[in-house]
Amino acid sequence: MVPVQTSATSSVMPRALIIGAGPEALMGIEPMLGANRFRVDFLDQDSTPYIAIRQRRPDLVVLCFAPDDEEACQVLQMLQLDPATRRVPILTYVNGEAYAIIANRWQRPGGIPSASRFLEEHCTAR
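To start, this report covers the structure provided alongside it.

Rules and cut-offs
- Residues numbered from 1 in each chain as written.
- Predicted model: local features only at pLDDT ≥ 70, side-chain atom pairs only at ≥ 80, totals over all residues.
- Heavy atoms only, no water.
- Helix = DSSP H or I, 4+ residues; strand = E, 2+ residues; numbered from the N terminus.
- Buried < 20%, exposed > 50% of the residue type's maximum accessible area, 1.4 Å probe, protein only.
- Contact = heavy atoms within 4.5 Å.
- Areas by Shrake-Rupley, 256 points an atom, 1.4 Å probe, with all protein chains shown as cover.
- Arc of directions from axis to C-beta.
- Axes fitted to C-alpha atoms, helices over the stretch in contact; angles between N-to-C directions.
- Nonpolar A, V, L, I, M, F, W, Y, C, P; charged D, E, K, R; others polar.

Summing up its helical and strand segments, the protein has four helices and five strands in all. Ordering the α and β elements of the protein from the N terminus gives β-α-β-α-β-α-β-β-α. The buried share among the 126 residues of the protein stands at 40%. Sequence-distant contacts in the protein: of pairs separated by 6 or more residues, those separated by 24 or more amount to 62%. Carbon together with sulfur atoms contributes 48% to the accessible area of the protein, which is approximately 7500 Å² in total.

Taken together, the buried positions of helix α2 (residues 49-56) are occupied by Pro 49, Tyr 50, Ala 52 and Ile 53. Down the axis of α2, the sector holding all buried residues measures 165°, keeping them to one side. As for α2, its buried residues are in contact with β1 (15-19), β3 (60-65) and α3 (70-81). One or two steps after α2, the chain reaches Arg 57, where phi turns positive at roughly 50°.

Here we take up the packing of α2 against α3. At a minimum axis separation of 9 Å, α2 and α3 run at an interaxial angle of 35°. For the pair α2 and α3, contact is made by Pro 49, Tyr 50 and Ile 53 and by Glu 71, Val 75, Met 78 and Leu 79, respectively. Its residues assigned to classes, the contact of α2 with α3 comprises six nonpolar, no polar and one charged.

Note on placement: Ala 52 falls in helix α2. Given a relative accessible area of 7%, Ala 52 falls into the buried group. In this structure, the C-alpha to C-alpha distance between Ala 52 and Leu 17, residues 35 residues apart in sequence, is 9.1 Å. Apart from the residues lying within four places of it in its own chain, the contact partners of Ala 52 are Leu 43 and Arg 57.

Pasting the structure below:
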């Protein structure tokens, strides 16, 4: 990914944390980022997603998981309930479909539905 500054005075590239996938997923994830460029980190399998997000404080989180992954839904709910993480933009990538939970300061890339549809389809009480 080519660095793109986020403002005229910024020299720090925003960081994206990808959870649930490795570098092989970048081809599917990159189109979701639109024109935005990020320094990309991947979460180790031994790490707990919620704790890693709180500690690393990425500028964007990308959750890649299967539709029936209850842990991912719990992570999403915890992130939204925690005042320290509720403004972190989140993209989800489930079976090739992208959904966005985007704080007001970020624009959702074109064609990506909002999280409300995602949460209804994948994280309803079972």
